[in-house]
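Descriptive structure summary
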Amino acid sequence: MSEFSLEFARSLPKAELHVHLEGSVEPLTMLALAERHGVRPPAPDEAGIREWLRFDGFPSFLERYFFVCDLLRDAEDFSRIAQAYLRSAHDQGAVHVEFHVSSSYHIIERSADWSEVLGGVVDGCERAMRDLGISVLLLPDISPHLGAVAAEQALDVVLAESHPLVVGLGLGGPADNWRSEDFGAVFRRARESGLRTVSHAGEHGGAWEVRHALEEFGAERIQHGIGAVGDAEVLTQVVDSGVACDVCPGSNVALAAVTDMESHPLPVMIDAGVVVTLGSDDPPLFQTTLLDEYENARRLCNLDGEGLATLARNSLTESFADAGLIGGWLHALDEVSAN
Ligand code: ADE
Ligand code: ZN
């Protein structure tokens, strides 16, 4: 991207709707957290950590992701990483971020005190909201590999600790057990309890996952959704539903969900009329940023300024922020893109 278009992309008020809090930790912060908790780091320095962050697929990525999750032990850690990422997002022109938080990891796998985890995350978000004027919401995620009973238990804990920033339930992690376990029931209960619902689907799996997330989970947004292009009927279903896909091309290449950037289906999705927003997913782990994803989209889809502004507009309108806030951001976006 030329200097001009990078700065143009930065200048667009935008939301990031697909980023994992635990996947936003920079290598230097990983080293500091390891030292703080007396954990042997996977490498002694930043370059070594970056080398360690080269994986050959989803399972080896998840190993690293959960290693980072395990470095997050107390409220101070969570506050620190939330503030750090929100500063970075703000520097890239984000006015709103919806953090996925791996709640079932903390609650079920690590038996952590969720009120401490959430307290730390909220503290970091509130500081960033105050200092930067950025808006933030939280989407606790359940992971299907733990099964539906564990997902119900995690939801119990999330619901017992309600907080105005926690607005939705998500599902992420390996898409195991989708056919054998009833995650639809977990989502129904979340909805009945006033939460919005989103789900990863069609990342490594095919169109079936996307249809399942729409029909069984009632997903209001899909994270990735790229598998939908494998079935014309499902692609049409996504378009007709108006449900947005929060697409992360850099992540899809890093995790070999697509062969290479050139064969990424983003242009097919946009041409078909899917409402697309861009996210960075786990940016330092994939050596990407939100602005890199705007650059990827610009190149892949041959977008002009209005095309980039449409992606930014989608991210604002599809967010779970208050309508009043969205209206103000859209007004600001219109002013930028008119110039
Ligand atoms: N959790 C963190 N990153 C993820 C991804 N890319 N897919 C599914 N779950 C995730
Ligand atoms: Zn994700």
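In what follows, the accompanying structure is described. (Residues numbered from 1 in each chain as written. Chains lettered and ligands numbered in written order. Predicted model: local features only at pLDDT ≥ 70, side-chain atom pairs only at ≥ 80, totals over all residues. Heavy atoms only, no water.)

Concerning the environment of Ile 108
How we decide: Counting from the N terminus, the helices are DSSP H or I runs at least four residues long and the strands are E runs at least two residues long. A 1.4 Å probe rolled over the protein chains alone gives each residue an accessible area, and that area as a share of the maximum for its type sets the label: buried under 20%, exposed over 50%, partly exposed in between. We call two residues in contact whenever any of their non-hydrogen atoms come within 4.5 Å of each other.
Assignment of secondary structure puts Ile 108 in helix α6 (residues 103-109). On the basis of relative accessibility, which here comes to 25%, the residue Ile 108 falls in the partly exposed class. C-alpha of Ile 108 to C-alpha of Ile 142: the two residues are 34 residues apart in sequence and 9.7 Å apart in space. In contact with Ile 108, not counting residues within four places along its chain, are Ser 103, Leu 146, Ala 150, Gln 153 and Ala 154.

Looking at the packing of helix α15 (residues 290-301) against helix α16 (residues 305-317)
Between two packed helices, the angle of one axis relative to the other and the distance separating the axes together describe the packing. The cut-off we apply is this: What counts as an axis is a line fitted to C-alpha atoms, over the stretch in contact for a helix, and the angles between N-to-C directions run from 0 to 180 degrees. Angle categories: roughly parallel below 35 degrees, roughly antiparallel above 145, roughly perpendicular from 65 to 115, and oblique for all the rest. For any helix crossing, the convention is left-handed if the near helix is rotated counterclockwise from the far helix by under a right angle, and right-handed if that rotation is clockwise. For this scheme, ten residues count as nonpolar: Ala, Val, Leu, Ile, Met, Phe, Trp, Tyr, Cys and Pro. Four count as charged, namely Asp, Glu, Lys and Arg, and the remainder, Gly too, count as polar.
For the pair α15 and α16, interaxial distance at closest approach is 10 Å and the crossing angle is 130 degrees. It follows from the interaxial angle that α15 and α16 lie oblique. Here the hand of the crossing between α15 and α16 comes out right-handed. Along its contact with α15, which presents Tyr 294, Ala 297 and Arg 298, the element α16 presents Leu 308, Leu 311, Ala 312 and Ser 315. Residues that form the contact of α15 with α16 fall into these classes: five nonpolar, one polar and one charged.

Side note on the sheet that holds strand β4 (residues 168-171)
Worth spelling out the cut-off: Two strands are said to pair when DSSP picks up at least two bridges between them.
Overall, parallel pairing links the eight strands, which are arranged β1-β2-β3-β4-β5-β6-β7-β8 in an open sheet. Each edge of the sheet is formed by a strand with only one pairing partner; in this case those strands are β1 (14-20) and β8 (276-278). On average, each strand axis in the sheet is inclined to that of its neighbour by 25 degrees, with strand direction left out of account. Pairing of strand β6 (residues 221-224) with strand β7 (residues 244-247), which is carried by three bridges, proceeds in the parallel orientation. In the sheet register, Gln 223 faces β7, and the bridge partner there is Asp 246. Taken strand by strand, helix α7 (residues 114-132) contacts β2 (94-101) and β3 (135-142), and its axis lies near 155 degrees from that of β3.

None of the figures reported here should be taken as evidence of function without further support.
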